[in-house]
Amino acid sequence: MLATVYRLTLRTQARIGRLAALGALGAVAVLVGLAIGVGDLDDTLEAGTRLVNTYGLSIYAPVVALVFGAAALGDPADDGTLGYLWLRPVRRSHIVVGAYGAALSVVLPLTLVPLVVAAALSGGGGALVRGTVLAATVAATAYTALFAYLGLRVRRSLVWGLTYILIWEGFVALAGDTAARLALRSYTRSVLADATGVRLRLADVSLPIAVGVPLVVAAVALALTTRRLHRMEVP
Amino acid sequence: MTWAAHPDGVVIELDHVSKWFGDVVAVSDVTFEIRPGITALLGPNGAGKSTVLRLLCGLARPSQGHVRLLGLDPRRDLSLLGRIGLVPQQEALFEPLTPLETVEAAARLLKVLAPRDTAAAALELVEVDPGDPRPVRALSKGNRQRVKVAMALVHDPDVLVLDEPLNGLDPRQRVHLIELVRSLGERPGRCVVVSSHVLDEVERFGSRILVIAQGRLAAEGDFRRIRDLMDDRPHRIRVGSADAAPLAAALLEAGVVQGVRLVDGGLEVETSEVRAFRSAVAVVARDRRLALDEVVPLDDDLDSVFRYLVGR
Amino acid sequence: MTDARILDRGYRPYDGPRLGPAGAVRSLARHTAQRVMGLKRPAAAKILPFLSAAIAYVPAIVFVGIAALVPDERLTTEFLPTYGEYYAFVASALVIFTALVAPEALCPDRRTGLFGLYLASPLTRTTYLVAKAGTVLALLLVATLGPPLLMLVANVLQGLGPDSPADVALLFGRVVLAGLELGVVYAAVSIGVSSLTDRKALASAGTLLVLVLSGVVSSVLVEAIGAPDWVLAFNLGPAPTELAQRIHGEPGSVEYADVATAALVGTWLGWTALGLGVAGWRYRITKVVR
Amino acid sequence: MPVVVAEGVVKRFGATTALAGATCEIGRGVTGLVGANGAGKTTLLGLLLGLSAPDAGRLEVLGLDPRHAGPQVRALVGYSPEHRSLPPDVRANDLVAHLAEVHGLPRRAAVARASDALYQVGLGEERFRAIGTMSTGQTQRVKLAAALAHDPRLVLLDEPTDGLDPVQRDEMLMLIRRIGTEFGIDVVLSSHVLDEVERICDAAVIVGEGRVLAAGPLDALRSTVGGWLVEVAGGSDRLATALVARDLTVTPDGRRLLVEGVDDPAVLRDVLADLGLEVVRLQRRRLSLEDVFLESGVYGPVEGPA
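## Quick look at the overall build of chain A
And step 1. When helices and strands are counted, chain A shows 10 helices and zero strands.
And step 2. Counting from the amino terminus, chain A carries its helices and strands in the arrangement α-α-α-α-α-α-α-α-α-α.
And step 3. Taking 235 residues into account, the globule formula puts the C-alpha radius of gyration at 18 Å, and chain A, at 18 Å, falls close to it.
And step 4. Dimensions of chain A, computed from C-alpha atoms along their principal axes, come out at roughly 60 × 40 × 25 Å.
And step 5. Counting across all 235 residues of chain A, residues that qualify as buried make up 54%.
And step 6. Carbon together with sulfur atoms contributes 69% to the accessible area of chain A, which is approximately 9400 Å² in total.
And step 7. For chain A, the distance from the average position of its 20 positive side-chain charges to the average position of its 12 negative side-chain charges is 14 Å.

And the structure:
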């Protein structure tokens, strides 16, 4: 059952238009990484980490997760095909995990590949690449789950998602430590800081927490999505 | 698959069901039972018909009262969902998939044995070529509609709900689908609910109707008997005859008609004792040696019944 | 004379003049302009277009005000920007306005299916696109040509402008040419992007993306990879403004010092042709759902 | 003078032949255009409007050749497409006036006629509301008004009753009938619901596999085929045996009996009177448009590559 939902979601969501657009955004990261690498900067690790952090983890990864995460169950709910999954003797958790898995199978490569290439090209060395891989994976996993719930909870989930990424994580979370705790960005940023040793603003969380909390957030988000799917009235 | 047979064969039961969206009452205090066979669900646009349909198959949750399908609550009992087949009104499908993949996916989710072969069989039943390599995106509206029907049949459901299934089909496809649904309705224990606005075609599905108007149940049962209950609406019947005037006089004299109008080629009568009229018309004509070559009821088809029940 | 009559309220045929395709193009242009500016539509639709167009005029009004209030002529000629420099002040308003006009003009027709109705009228795909492109250009000119013209007229009235009529005519020509240059390239690019999708939000974002990416890519290529300087001309942000200053015979900004005017004109033609070409191709192949 | 003349019209889209020599004439009044999915109906409508050119054959609409005089033809034709195709945030009267102008009317006349057309289709003050706030029924009427406002000589309607409930359908059909008669504007009604075509059309054109399989006034198409339909409330079998005794051939058809070989209807009257049965229906049998449609071999091509 779960595999069928996974395949269905993957085939309907992996659309050329979206992949091309996000691929272009990823290409920008690679280009800038190349620029850092080629330029005669003294501390490429610092510059590379800043690139992965500001562009990669703060904008690129969340946006990719938003586009595919929100669409995983949001699109079927909007166009009415959700009924073809819902009105079946399939546990709601299987539907959610299947759709989430499909979204993640697109978000992970689409996030990891450009960022890791950018990290490598920027000359930041093995530490940066390792940090990028771990941070990007945590980011993709958590954000995709968060936006999967958002996609099912609200209409026009893209607008709400962007609001969360740009405004909540972009400004409000910088207000102070407690506020920062409520934004995934501070955790993913801490993972990167821990691996590369570069000090990043508001990135003072220990590694186990920096990895643990996002995964918990992901689990809670999926649970909420399952409950929502169970109780909702399918359009 | 045995199911907890309801005592007297009732398959779908709504008991004092109401449904609000915010402070808009979509369905208010509706109670009815549906037995095996074909039942047509009718109602003006925006009168709550589609909400009743969604309550019926568990897509929506009643604000009050309860819905029972085969004795179970569709909102709580997941296994029940494996016995319901729904053809929804909206046209969206899993666009990149081919017809066979679409129906096979449904079959898998419905835990059908040999999903691929069953899917192919279901597609052949609705005259869609299972080997068609094109994604459903490229198919005509008529063919997409038939793929939806195939998805609802692939698991031989006990409850089949079709929301305007003939939408987009051409005349031949409509005739074929009507015959298919009729044969589906004949399987013992299966209950088919069809909603449609084209009443002349609804008559061919069968004569049991359920009319929802202004969010309430307006009428239920065989529409001909419903027509006969409408004693505030005299029957209008056209009588073809060369001797229109004398026949009109004779019928008036016999007291079986309340009103007569001469029209070209005969007359139109209004009668509230329709049975009396039907017994007398041939006898009166023969006794007075008056020509009688047509007796055609003008307002006892489903269209008129619906209009009287619901029309403004 | 009868004191009562019942007029036939039935259907009345029309036997007045019919204006043919030309009338259709004019009507489509007027309706599109109204739609873009939010007229005859809920109030909310008026805010963004009027706001962004107004922002383009604010600096002009301020400069005219200063020129009028400050008597000392030397100060004003030193302090106030030249016609070419004016565009730098309103760059952001121009970009926002551009990202609004074409998407609103082109996308809704296809999304709602009205495009199919237009094709069933005396309009053809070509006259439809001509009317739409013309409207988009006209609206953009309101923001690119209006303000400098306002300043020119105000300066001439106050005697600050050039003295001899010949000079005024020359300046007027330059202002019009610069306004047209900016309007055309921005119109073409935004029309091209808007023809690719029927969702105006995506078209607006796409237009902004093209403007931004053209900058990022060209600067990275030149600075990082060391591509020749004329590649900077592809940057849709500063390049058109630079060309406007060249039209006014003013020295442009430092980065573009050694970028030949020919390069600027070349990329201007390139972007315009690309935008209109994409739109022409898309509108020829768009299948209308009937 | 016929409104539309088509002779041997051929139209190919790549490998598929949408029209393979369609020949027919559409006259005044309301004409039904019926056919299988993919039989070329939509293609024919497109050719009539001059939106695409036929590969062969001759086509004439209102005396003009749509291939060369496309804009002139479309100025005189009103078209109401099947799909929801109106912007939701524009007021109905603004849109209809705009479309009238686009069809060539000067501004003043367009605004006046738009308001008039919206009245004629039964929209009162709701014509000043945004189309998005309107019901399906009202939107279909706005589309009809948009097709009428510029006083066309021919109106092409594609499934105008789509999405309407039974009462709305009857009202729309009566309105279309009025357009074809009172308004004096000829109508081509493309529909899949043959009962509705039968109810309001004067003539019909049946399209199948890219050709016109049958065309002409409905009365000619639905020639009477002899035989009578009799329905009684109970005692149907007694009636059957009595009729057979009068050496008439009787075949049951659902609740009714099909009686053939009747030369004088009086015999039916007498048998019914003698048996004292309740006569529900006594009627000459006529082919329905559906019978004609199905017998004309209208099997649309099994969806070949579109």
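## Quick notes on the pattern of salt bridges
And step 1. A full pass over the atoms with the stated rule returns 61 salt bridges over all chains.
And step 2. A salt bridge links D198(C) to R111(C); the shortest N-O distance between them is 3.7 Å. Placement of the pair is D198(C) in the loop between α8 (165–194) and α9 (200–225) and R111(C) in helix α4 (residues 83–112), with a sequence separation of 87 residues.
And step 3. A relative accessible area of 28% means that D198(C) is categorised as partly exposed.
And step 4. Measuring nitrogen to oxygen at the nearest pair gives 2.9 Å for the salt bridge that ties E60(D) to R58(D).

## What to know about the sheet that holds strand β5 (residues 77–80) of chain D
Strand pairing in a sheet relies on backbone hydrogen bonds. The paired strands run either parallel or antiparallel.
Residue and element names in this part refer to chain D.
And step 1. As summarised here, the arrangement of the six strands in space is β5-β6-β7-β3-β8-β9, forming an open sheet in which the pairing is mixed. At either end of the open sheet lies a strand with only one pairing partner, and these are β5 and β9 (211–217). Between one strand axis and the next, the sheet turns by 15° as a mean value, whatever way the strands run.
And step 2. On top of the sheet, helix α1 (residues 41–48) reaches β3 (30–35), β6 (154–158), β7 (186–190) and β8 (203–208); it is set at about 135° to β3, its chief contact.

## Some thoughts on the interface of chain D and chain C
And step 1. On the chain C side, the residues contacting the 41 residues of chain D number 33 residues.
And step 2. Buried area between chain D and chain C, summed over both chains or domains, comes out near 3400 Å², and the portion from carbon and sulfur atoms is 58%.
And step 3. Counting the surface chain D buries against chain C, the share from its top three residues, D89(D), H98(D) and V102(D), is 16%.
And step 4. Applying the counting rule to chain D against chain C returns five salt bridges.
And step 5. Put simply, D89(D) and R41(C) hold a salt bridge, and the shortest N to O gap is 3.1 Å.
And step 6. Seen at the junction of chain D and chain C, the total is 16 residue pairs in polar contact (both at pLDDT 80 or more).
And step 7. Counting residues per element, the ones that place at least two in the side of chain D that touches chain C are α1, α2 (70–76), α3 (92–102) and α4 (107–120) of chain D.
And step 8. For the side of chain D that touches chain C, the class distribution of residues is 21 nonpolar, nine polar and 11 charged.

## Overview of the interface of chain D and chain B
And step 1. Counting residues at the interface gives 44 residues for chain D, matched by 45 residues for chain B.
And step 2. Between chain D and chain B lies a buried interface of about 3800 Å² when both sides are counted; carbon and sulfur atoms form 53% of it.
And step 3. A salt bridge links D274(D) to R286(B); the nearest nitrogen and oxygen atoms lie 2.3 Å apart.
And step 4. Taken together, the elements giving at least two residues each to the side of chain D that touches chain B come down to α6 (166–180), α7 (194–200), α10 (266–275), β13 (279–286) and α11 (289–295) of chain D.
And step 5. Taken together, the residues of the side of chain D that touches chain B break down into 20 nonpolar, seven polar and 17 charged.

## Structural notes on the sheet that holds strand β9 (residues 216–222) of chain B
Residues and elements named next belong to chain B.
And step 1. Read across the open sheet, the six strands follow the order β5-β6-β7-β3-β8-β9; overall the sheet is mixed. Each edge of the open sheet carries a strand with a single partner, namely β5 (84–87) and β9. Geometrically, the sheet is characterised by an average inter-axis angle of 15° between neighbouring strands, direction not taken into account.
And step 2. In this sheet, strand β8 (residues 208–213) lies alongside strand β3 (residues 37–42) in parallel orientation, the contact comprising three bridges. Following the sheet pairing, L42 is matched in β8 by V211.

## Thoughts on the packing of helix α2 (residues 99–109) of chain B against helix α3 (residues 115–125) of chain B
Residue and element names in this part refer to chain B.
And step 1. At a closest axis distance of 8 Å, the pairing of α2 and α3 adopts a crossing angle of 120°. For the element pair α2 / α3, the angle class is oblique. Pair α2 / α3 crosses with right-handed handedness. Facing P99, L100, V103, E104, A107 and R108 of α2, the residues of α3 in contact are P115, R116, A119, A120, A122 and L123.
And step 2. Grouping the amino acids of the contact of α2 with α3 by side-chain chemistry returns nine nonpolar, no polar and three charged.

## Considerations on the packing of aromatic side chains
For any pair of aromatic rings, the description rests on two quantities: the centre-to-centre distance and the angle between the ring planes.
Residue and element names in this part refer to chain C.
And step 1. The final tally for this structure, using the stated rule, is 12 aromatic pairs over all chains.
And step 2. Measuring from centroid to centroid gives 6.3 Å for Y86 and Y87, while their planes differ by 75°, and the two rings are edge-to-face.
And step 3. Since its relative accessible area comes to 0%, Y86 is described here as buried.
And step 4. On the basis of an interplanar angle of 55° and a centroid distance of 6.2 Å, the ring pair of W230 and F234 is categorised as tilted.
And step 5. Overall, the relative accessible area of 46% leaves W230 in the partly exposed class.
And step 6. When its relative accessible area of 36% is taken as the criterion, F234 is described as partly exposed.
And step 7. Connected via pairs of aromatic rings, a cluster forms that spans F115, Y118, Y128 and Y283.

## Focus on the nonpolar core
And step 1. L82(A), I12(B) and V103(B) are the most contacted members of the largest nonpolar core, which has 142 residues in total.
And step 2. Excluding residues that lie within four positions of it along the chain, L82(A) makes contacts with L73(A), P76(A), A77(A), L152(A), L229(A), M232(A) and V234(A).
And step 3. The next biggest cluster of nonpolar side chains, apart from the first, holds 111 residues, and it includes A56(C), A60(C), F115(C) and L173(D).

## Quick notes on α6(D)
And step 1. Between its terminal C-alpha atoms α6(D) stretches 21 Å, which fits the 21 Å expected from 15 residues at 1.5 Å a residue.
And step 2. Looking only at α6(D), the buried set comprises P166(D), V167(D), Q168(D), R169(D), D170(D), M172(D), L173(D), L175(D), I176(D), I179(D) and G180(D).

## Some words on a nonpolar patch on the surface
All names here are of chain A.
And step 1. Taken together, the side chains of L162, L166, I167, F171 and V172 present a nonpolar region at the surface, about 450 Å² in accessible area.
And step 2. Tracing the backbone shows F171 in the loop between α7 (157–168) and α8 (177–181).
And step 3. Assessed through its relative accessible area of 60%, F171 is described here as exposed.

## Examining unusual backbone geometry
Most peptide bonds take the trans configuration, and most residues that are not glycine carry a negative phi.
Residue and element names in this part refer to chain B.
And step 1. Within the chain, H16 stands out as a residue other than glycine whose phi angle is a positive 50°.
And step 2. Despite not being glycine, R289 has its phi angle at roughly 50°, a positive value.
And step 3. You can see R289 is positioned in the loop between α9 (274–287) and β13 (294–297).
And step 4. A residue is classified by how much of its surface remains accessible, and R289, at 62% relative accessible area, is exposed.

Parameters and conventions
- Residues numbered from 1 in each chain as written.
- Chains lettered and ligands numbered in written order.
- Predicted model: local features only at pLDDT ≥ 70, side-chain atom pairs only at ≥ 80, totals over all residues.
- Heavy atoms only, no water.
- Helix = DSSP H or I, 4+ residues; strand = E, 2+ residues; numbered from the N terminus.
- Rg over C-alpha atoms; globule rule 2.2 N^0.38 Å.
- Buried < 20%, exposed > 50% of the residue type's maximum accessible area, 1.4 Å probe, protein only.
- Areas by Shrake-Rupley, 256 points an atom, 1.4 Å probe, with all protein chains shown as cover.
- Lys, Arg positive; Asp, Glu negative; His and termini not counted.
- Charge placed at Lys NZ, Arg CZ, Asp CG, Glu CD.
- Salt bridge = Lys/Arg side-chain N within 4 Å of Asp/Glu carboxyl O.
- Pairing = 2+ DSSP bridges.
- Axes fitted to C-alpha atoms, helices over the stretch in contact; angles between N-to-C directions.
- Contact = heavy atoms within 4.5 Å.
- Buried area = accessible area lost by both parts, 1.4 Å probe.
- Polar contact = N/O pair within 3.5 Å; in protein donor to acceptor, adjacent residues only side chain to side chain.
- Nonpolar A, V, L, I, M, F, W, Y, C, P; charged D, E, K, R; others polar.
- Parallel < 35°, antiparallel > 145°, perpendicular 65-115°, else oblique.
- Left-handed = near helix turned anticlockwise from the far one by under 90°.
- Phe/Tyr/Trp six-rings, centres within 6.5 Å; stacked < 30°, edge-to-face > 60°.
- Core = buried A, V, L, I, M, F, W, Y, C linked by side-chain atoms within 4.5 Å.
- Expected span 1.5 Å × (residues − 1).
- Patch = residues over 30% accessible without salt bridge, like charges linked within 9 Å, V, L, I, M, F, W, Y side chains within 5 Å.

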